[in-house]
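A structural walkthrough
Chain by chain, the residues:
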Amino acid sequence: MSHNAEILRLLDAKRKRKKWRMWGPYLSERSWGTVREDYSASEDPWTYFPHDHAARRAYRWGEDGLAGFSDDRQYLCFAFSFWNKKDPILKERLFGLSAWEGNHGEDVKELYFYLDGLPTHSYMRYLYKYPHQRFPYNELVDKNQRAGKAAPEYEIEDTGVFDDKNYFDIDIVYAKAAPDDIVIRYTISNRSSRAAEISVLPTLWFRNTWSWGYPKGPDGDVEKKPILRRDRHPKYGASLRAVHPAIGTYWLYQSVQAEALITDNETNLQYCFGTKNRRKYLKDGFHRFLVDGEDAAVSRSGGGTKGALLSSLELQPRSTQYGLLRMSAKRLGDPFADAEEVLAEREADAHAFYAEQTKTFTDEEALMYRQASAGMLWNKQFFYYDVGQWLKGDPSQPRTAPVARNQDWGHLRNADVISMPDKWEFPWYASWDLAFHCIALGSIDMDFAKKQLVLFTREWYMHPNGELPAYEWSLGDVNPPVHAWSALELYRRDYEKTGHPDLYFLETIFHKLLLNFTCWVNRRDAAGRNVFEGGFLGLDNIGVFDRSKPLPGGGSLLQADATSWMALYCLTMLETALELAKFRPSYQDLASKFLEHFFRVGRSMKGRSETEFSLWDEEDGFFYDMLLDPEGGPQPLKIRSLVGLMPLAAVSIISQSSFFNLPYFHRRFRWLLKNRPEMADSLAQLGLEESPGGAMISLLSGDQLRRVLHRMLDPEEFLSPFGIRSLSKYHDANPYSFVLSEEVLTVAYEAGESLTHMFGGNSNWRGPVWFPLNYLLIRAIDTYSEALGPEYTVEFPVGSGTFVPLSVVAKELRRRLLSLFKLDDTGVMPALSSSELHAKDPHFSGLYLFHEHFHGDTGRGLGASHQTGWTGLVMNILREYRAHEASSE
């Protein structure tokens, strides 16, 4: 194939010539325990739909599976199931703990890896490690429940089931011969010195759209129930045929002789609720047939809505066996005649696609980049949530009590493939996460990334008041407004690469974000101070109390990070308006509006307006939140955290060409300087007429910039060997305490897992390193470097006596973040330093996990283990690091 075969497929998909994106890894890794599936009066998804029900209860809103694929409406689903002859449960999905079972919140307890992928999903590869021994479900639950917050999580590796290599490596590859013709290969390797048996069940089933009381399905587009039947190929024997009214007929063939099993994707009412079953064949039919030995649990002759091709293998010590499958919209005479050729071609396409992107990388970096890309692609999910229907309940599943959650979001209807943070731990979107995901996805699939951002501004997503949906747990929670920044970043990168400005994209999203900006001004600055409140803003436990809840005893919180986000929002909208004004001069007026708004926010934040509440502490040289207590007056919350570093991000350069080519804006700019000097004290002029640099605008004055950078670049404060910490290490020896309503609240430096239950306790912003804000701060340092030049130097690291330009600081911070995923001098990867298996088992070599966040001192991966989402920014950091290397040679 051509070296740009994948690029041609992406072009075909963009121009809607071929539906290369129709099939992909759109199944969730977990649908149980989600808000969508919760119809309880208590509004507790974890107890209403527990893991124990997942194998036996039909999902209402979306399916899950192991290494699964589905069409982009998730009508027809495919995934693998396995049984090692010892487990009490057929392995149909990944196991993990609920929020109430884990000592640090919900957590997947399996070993699996996203190895490879192409943006059209024409090639995808996944590795699952399945122990020979009985899976330790009860041990994982019991030991984690008994452990306290101070203890680390008890992982499956700690149970010993992978000792002596007593496990299977199951390598699964998908390769598309055509948009609706997919070759699937599974390779099972016994890594042990002992023989072992395994049952393999490639499974095909329909999402249940027929059990909820709607004559044409909940979407109104399924006029009759789909049907799945046995079929038979003259050469390969048992196969399956699936007929769906919306997507037509598909056949599933297998090269290994198998037994075809049929059941229905229907709830086992007797097991789940103690009531009589209405159907003979149920969702758990394969489990009951295989594990429980119940022959009558599967249909021997009729059709159903769930089928599998069962084969059993015995693998000798250290041996490997493999099988081929093919799922096609055509009945094939010999489905495997060209299967190996298709697999080889798609693998070669993947090599060529990434070779172009990683040609300046080391081999280690190229592998890191490729697996990060794979993680971004595997974490796509069909997300279905019609809030109006969900609030009312279905005709066959009515609400028994009113629901409070998401009550004012009845307009929202999600039914799209969306980038998830982590399809097991966070199988739901978060709007600010998504904005960072798109920065990473833009490196490999610009069209998909831009469409994701636009999707969230569409009228069936965006609230009528202009809010963007946050996440299913509370759609109205406030996430940082980074959509505009992400959109402008994608536009500029696309323009630079193609030479063509996508004005339709930029103008479309700009208009919608005007509504969102106005919403922020009207709803997050209730007193009209230009100093903003916003709640937790995605930073969970970073504060001394839960910032998303009303303050005990009343009062309000003026937030340094919320105000900084708004300052950045102003500057991003200013830059966007200036870009659009190059082509449509009328946008100059909006540019002037956002410039003036930025000046007002900056003055207010520093207490230079009528508010008099400065978030800047001159003595400490840092920004803090300010508590306005009705009884005690304004009180700064002196916690040195990312909250106080965020003002660094609000910086922009207005180019000389913008002044030259946009005369109305230039006149307005100069008028402000002359007639409103009190509003422009955050402006550092670089020469409005002579200098090619134009003007730098920043929230920080020159002195403030040096003082904040001094704290950020101090190893005893924010500077970790692996990036910027979320909380200063100063608070290790000096915890911050605050008395609120006679309760003493304390924040201390916690480099690892969270010691608080705030926000479930599975995320920690009190010390660890987080990629998204590290990336944002590094990009800000790039801007300062461009504006101030190499003559501007800072001590780095603080205490070293070495002074360097800001470009060197940015490069070194990128290197530190990348070092999380590189072997150190002892041969250990810091992000996986807690894993003995990665250190000692050669079959774990070259396998990456991209965690949610990282230990502030050791770099150990924390939180969600497969959150390639925003940690996928490692792709951008690597590209930028290598580009800096090339430019400095």
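Please read all numbers here as calculations on a predicted model, not as lab measurements.

What about the sheet that holds strand S24 (residues 625-629)?
- Sheet architecture is open: three strands sit in the order S21-S24-S25, paired in antiparallel fashion. Two strands bound the open sheet, and with one partner strand each, they are strand S21 (556-558) and strand S25 (633-637). In this sheet, adjacent strand axes meet at a mean angle of 25 degrees when their direction is disregarded.
- Inspection of the sheet shows S21 paired to S24 by three bridges, in the antiparallel sense. Considered in S24, the bridge of Leu557 is made with Leu627.

So, helix H25 (residues 874-888)
- The end-to-end C-alpha separation of H25 is 21 Å, in line with the 21 Å expected for 15 residues at 1.5 Å each.
- Along H25, the positions that sit buried rather than exposed are Val874, Met875, Asn876, Ile877, Leu878, Glu880, Tyr881 and Arg882.
- Turning to H25, the residues buried within the fold contact helix H8 (363-378), helix H10 (431-441), helix H12 (483-498), helix H21 (771-788), helix H22 (806-818) and helix H24 (868-871).

Details of the confidence of the model for the chain
- Summarising the model, the chain shows a mean pLDDT of 92, and 96% of its residues fall at 70 or more.
- Below a pLDDT of 50 lies the segment residues 684-691, which in the model reaches 19 contacts outside its immediate sequence neighbourhood of four places, other chains included.

So, the environment of Leu8
- One can find Leu8 in helix H1 (residues 5-14).
- When the C-alpha atoms of Leu8 and Ala695 are compared, they prove to be 41 Å apart, with 687 residues separating the residues in sequence.

Details of the packing of aromatic side chains
- Scanning all chains against the criterion turns up 65 aromatic pairs.
- Taken together, a centroid distance of 6.1 Å and an interplanar angle of 80 degrees make the contact between Phe95 and Phe135 edge-to-face. Here Phe95, found in the loop between strand S3 (76-83) and strand S4 (96-97), pairs with Phe135, found in the loop between strand S7 (123-131) and helix H4 (137-146); they are 40 residues apart in sequence, far enough to count as distant. Comparing Phe95 with Phe135, the two get one shared label, buried.

So, the pattern of salt bridges
- Summed over the entire model, instances satisfying the criterion amount to 63 salt bridges.
- Linking Glu266 and Arg279 is a salt bridge whose minimum nitrogen-to-oxygen distance equals 3.7 Å. Linking Glu266 in the loop between strand S14 (259-263) and helix H5 (269-273) with Arg279 in the loop between H5 and helix H6 (285-290), this pair joins segments that are 13 residues apart in sequence.
- Given a relative accessible area of 7%, Glu266 falls into the buried group.
- Note that Arg711 is salt-bridged to Glu717, the shortest N-O span being 2.6 Å. Of the two residues, Arg711 and Glu717, neither departs from the other in class, the shared state being buried.
- Each of the salt bridges in this network shares a partner with another, and the network as a whole consists of Glu6, Arg9, Glu345, Arg346 and Asp349.

Description of H12
- With 16 residues, H12 extends 22 Å from end C-alpha to end C-alpha; this agrees with the ideal 22 Å at 1.5 Å per step.
- The set of residues buried in H12 consists of His483, Ala484, Trp485, Ser486, Ala487, Leu488, Glu489, Leu490, Tyr491 and Asp494.
- Contacts from the buried residues of H12 go to H10, helix H11 (446-455), helix H13 (503-523), helix H14 (560-581) and H21.
- At the exit of H12 stands Gly499, carrying a positive phi of roughly 80 degrees.

Here we look at the pairing of strand S10 (residues 196-206)
- Of all 11 residues in S10, 10 are buried, a share of seventy percent or more.
- Looking at chain direction, S10 and strand S15 (residues 306-315) are connected through eight bridges and run antiparallel. Along S15, the bridge assignment pairs Thr203 with Ala308.

As for the environment of Arg230
- The residue Arg230 is located in strand S11 (residues 227-233) in this model.
- With sequence-adjacent residues up to four places away left out, Arg230 is seen in contact with Ser239, Leu240, Ala260, Leu261, Ile262, Ser299, Arg300, Ser301 and Gly302.
- At 3.2 Å, the side chain of Arg230 and the backbone oxygen of Ala260 are in polar contact.
- Within polar-contact distance, the side chain of Arg230 engages the backbone oxygen of Ser299 at 2.3 Å.

Points about the sheet that holds S3
- What the six strands build is an open sheet, ordered S1-S2-S3-S10-S15-S14; its pairing is antiparallel. Edge positions in the open sheet fall to strand S1 (23-24) and S14, since each of these has one partner strand only.

Points about the packing of H22 against H25
- Two elements in contact, H22 and H25, have axes separated by 10 Å at closest approach and are oriented at 135 degrees. Taken as axis vectors, H22 and H25 run oblique relative to one another. The chirality of how H22 crosses H25 is left-handed. Side by side, H22 and H25 meet where Ser807, Lys811, Arg814, Arg815, Leu817 and Leu818 of the first sit next to Val874, Ile877, Leu878, Glu880, Tyr881, His884 and Glu885 of the second.

Cut-offs used in this document
- Residues numbered from 1 in each chain as written.
- Predicted model: local features only at pLDDT ≥ 70, side-chain atom pairs only at ≥ 80, totals over all residues.
- Heavy atoms only, no water.
- Pairing = 2+ DSSP bridges.
- Helix = DSSP H or I, 4+ residues; strand = E, 2+ residues; numbered from the N terminus.
- Axes fitted to C-alpha atoms, helices over the stretch in contact; angles between N-to-C directions.
- Expected span 1.5 Å × (residues − 1).
- Buried < 20%, exposed > 50% of the residue type's maximum accessible area, 1.4 Å probe, protein only.
- Contact = heavy atoms within 4.5 Å.
- pLDDT = per-residue confidence, 0-100.
- Phe/Tyr/Trp six-rings, centres within 6.5 Å; stacked < 30°, edge-to-face > 60°.
- Salt bridge = Lys/Arg side-chain N within 4 Å of Asp/Glu carboxyl O.
- Polar contact = N/O pair within 3.5 Å; in protein donor to acceptor, adjacent residues only side chain to side chain.
- Parallel < 35°, antiparallel > 145°, perpendicular 65-115°, else oblique.
- Left-handed = near helix turned anticlockwise from the far one by under 90°.

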